Amino acid sequence: MFSFMGCAVVLAEKDPIDEFESRVEEQIDDRIVKEAKAAAGQFLPDGLVITVEFIEVELMDFSDWMLENPIMTDATPLRREVQVWVKAGKGKIVESMTVHARSGQRAKVESVHEVIYPTEYDPPTGAATAQDGENVKLVPPSAVAFETRNVGTTFEVDPVVGADGDVVDLNLAPEIVQMGENTQHVTTLGDVEMTVDTPHFMTSKVTTQVSVRPGDYSFLGTSRLGIPELPDADDPILLMFIRCDVSGY
């Protein structure tokens, strides 16, 4: 009970039984709406299972295949051929990520580690040369600002299922970020040289919108890894595929 300007206000506690019955009624009402829409021919999926694949192959194998075959909206034939290359040792599945999503809702899955690195430094300070034979103190560049970069694989997608469930529109941006050797920057103080290391990041990414039929593969595009993973490859190229499976109502 609270008192406010001489008036007593009593806060009534909610009855757990009433809350439970209210939730049950909402679930029943939702079920009735779904059944009505289903009867009207409107497709209502329970969920979407979306998989993106990054596969590294030889550029020559991919080029030879394209000379004889068009790349269609349904890229399942190409995906089957790529699987043959993988089993023969001429391809490697670099990464495969799957996320369960709802139509109209953004979904994201990632497998990364954070790299925190300096982006701004204070200049070095101190005497440049010794005076009177005494030791001098040099203060190297000091980091004063930092940024964070995710290294690994990230898959973000916005799916929308068509009214009849035959087509799914995907707005997506899968990417692989690798970290290479550090880049060294040299700064001088008089006749003294100092080095500052900064990380070198390499990104393989595609940002696109595609329409796919449930169960079919769609070809997203090609890229290259900064650090190839296909052993003994002469000229590796990265192929990216997407597949969406829809579970019915």
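Our structure is the block above this text.
Visitor: Explain the packing of aromatic side chains to me, please; I cannot follow it from the model alone.
Guide: Each aromatic ring pair is summarised here by two numbers: the centre-to-centre distance and the angle between the ring planes. In this structure the tally under the stated criterion is four aromatic pairs. Arranged with centres 5.9 Å apart and planes meeting at 45°, the rings of Phe62 and Phe219 form a pair that is tilted. In this pair, Phe62 is assigned in helix H2 (residues 59-68) and Phe219 in strand S15 (residues 217-223), connecting sequence segments 157 residues apart. The burial state of Phe62 is the same as that of Phe219; both residues are buried.

Visitor: Can you help me understand the packing of H2 against helix H3 (residues 76-87) in this one?
Guide: Axes are the key here: two packed helices are described by the angle between their axes and the distance separating the axes. For the pair H2 and H3, interaxial distance at closest approach is 12 Å and the crossing angle is 145°. Considering how the two elements wind past one another, H2 and H3 form a crossing that is right-handed. Counting all contacts with H2, which are made through Asp61, Phe62 and Trp65, the residues of H3 involved are Pro77, Leu78, Glu81 and Trp85. Of the residues that constitute the contact of H2 with H3, the class distribution is five nonpolar, no polar and two charged.

Visitor: In this structure, what is going on with the environment of Glu114? I would like to understand it.
Guide: Its location among the elements puts Glu114 in strand S5 (residues 107-122). Accessibility expressed as a relative area gives 55% for Glu114, which makes it exposed. It is 8.9 Å that separates the C-alpha atoms of Glu114 and Gly152, two residues lying 38 residues apart in sequence. The contacts of Glu114, once residues within four sequence positions are left out, are Thr148, Arg149 and Asn150.

Visitor: Teacher, can you tell me more about the environment of Thr208 here?
Guide: One can find Thr208 in strand S14 (residues 208-212). Not counting the four nearest positions on each side in its chain, Thr208 is found in contact with Leu170, Asn171, Leu172 and Leu220.

Visitor: I keep staring at the nonpolar core and nothing clicks. Help me out?
Guide: Nonpolar side chains in soluble globular proteins tend to end up buried together. Counting residues in hydrophobic clusters, the biggest one holds 25 residues, and the most contacted among them are Ile50, Phe155, Val157, Leu170, Leu172, Leu220 and Ile242. Those elements that place two or more of their residues in this core are strand S3 (47-58), strand S4 (91-101), strand S8 (142-161), strand S9 (168-172), S14 and strand S16 (236-247). Beyond its immediate sequence surroundings of up to four residues, Ile50 is in contact with Met97, Thr98, Val99, Ala101, Phe155, Val157, Pro159, Leu170, Ile242, Arg243 and Cys244. Counting residues in hydrophobic clusters, the runner-up holds 14 residues, among them Leu78, Val82, Trp85 and Phe219.

Visitor: Whenever I open this one, the environment of Pro199 confuses me. Can you help?
Guide: Among the secondary structure elements, Pro199 is positioned in the loop between strand S12 (192-198) and strand S13 (201-205). Linking Pro199 and Val115, residues 84 residues apart in sequence, is a C-alpha distance of 8.9 Å. When near neighbours in sequence (up to four residues on either side) are disregarded, Pro199 contacts Tyr117, Met179 and Asn182.

Visitor: Is there a simple way to think about the pattern of salt bridges in this case?
Guide: When the charged atoms of two side chains with opposite charge come close together, those side chains can pair. On inspection of all chains with the given rule, the structure shows seven salt bridges. Note that Glu175 is salt-bridged to Lys205, the shortest N-O span being 3.9 Å. Placement of the pair is Glu175 in strand S10 (residues 175-179) and Lys205 in strand S13, with a sequence separation of 30 residues. For Glu175, a relative accessible area of 19% puts it in the buried group. Of the residues examined, Lys205 reaches a relative accessible area of 45% and is grouped as partly exposed. A salt bridge links Arg224 to Asp235, with the nearest nitrogen and oxygen atoms 2.9 Å apart. Within this pair, whereas Arg224 is found in the loop between S15 and S16, its partner Asp235 is found in the loop between S15 and S16, the two being separated by 11 residues in sequence.

Rules behind the numbers
Residues numbered from 1 in each chain as written. Predicted model: local features only at pLDDT ≥ 70, side-chain atom pairs only at ≥ 80, totals over all residues. Heavy atoms only, no water. Phe/Tyr/Trp six-rings, centres within 6.5 Å; stacked < 30°, edge-to-face > 60°. Helix = DSSP H or I, 4+ residues; strand = E, 2+ residues; numbered from the N terminus. Buried < 20%, exposed > 50% of the residue type's maximum accessible area, 1.4 Å probe, protein only. Axes fitted to C-alpha atoms, helices over the stretch in contact; angles between N-to-C directions. Left-handed = near helix turned anticlockwise from the far one by under 90°. Contact = heavy atoms within 4.5 Å. Nonpolar A, V, L, I, M, F, W, Y, C, P; charged D, E, K, R; others polar. Core = buried A, V, L, I, M, F, W, Y, C linked by side-chain atoms within 4.5 Å. Salt bridge = Lys/Arg side-chain N within 4 Å of Asp/Glu carboxyl O.

Read these as layout, nothing more, since geometry by itself doesn't imply function.
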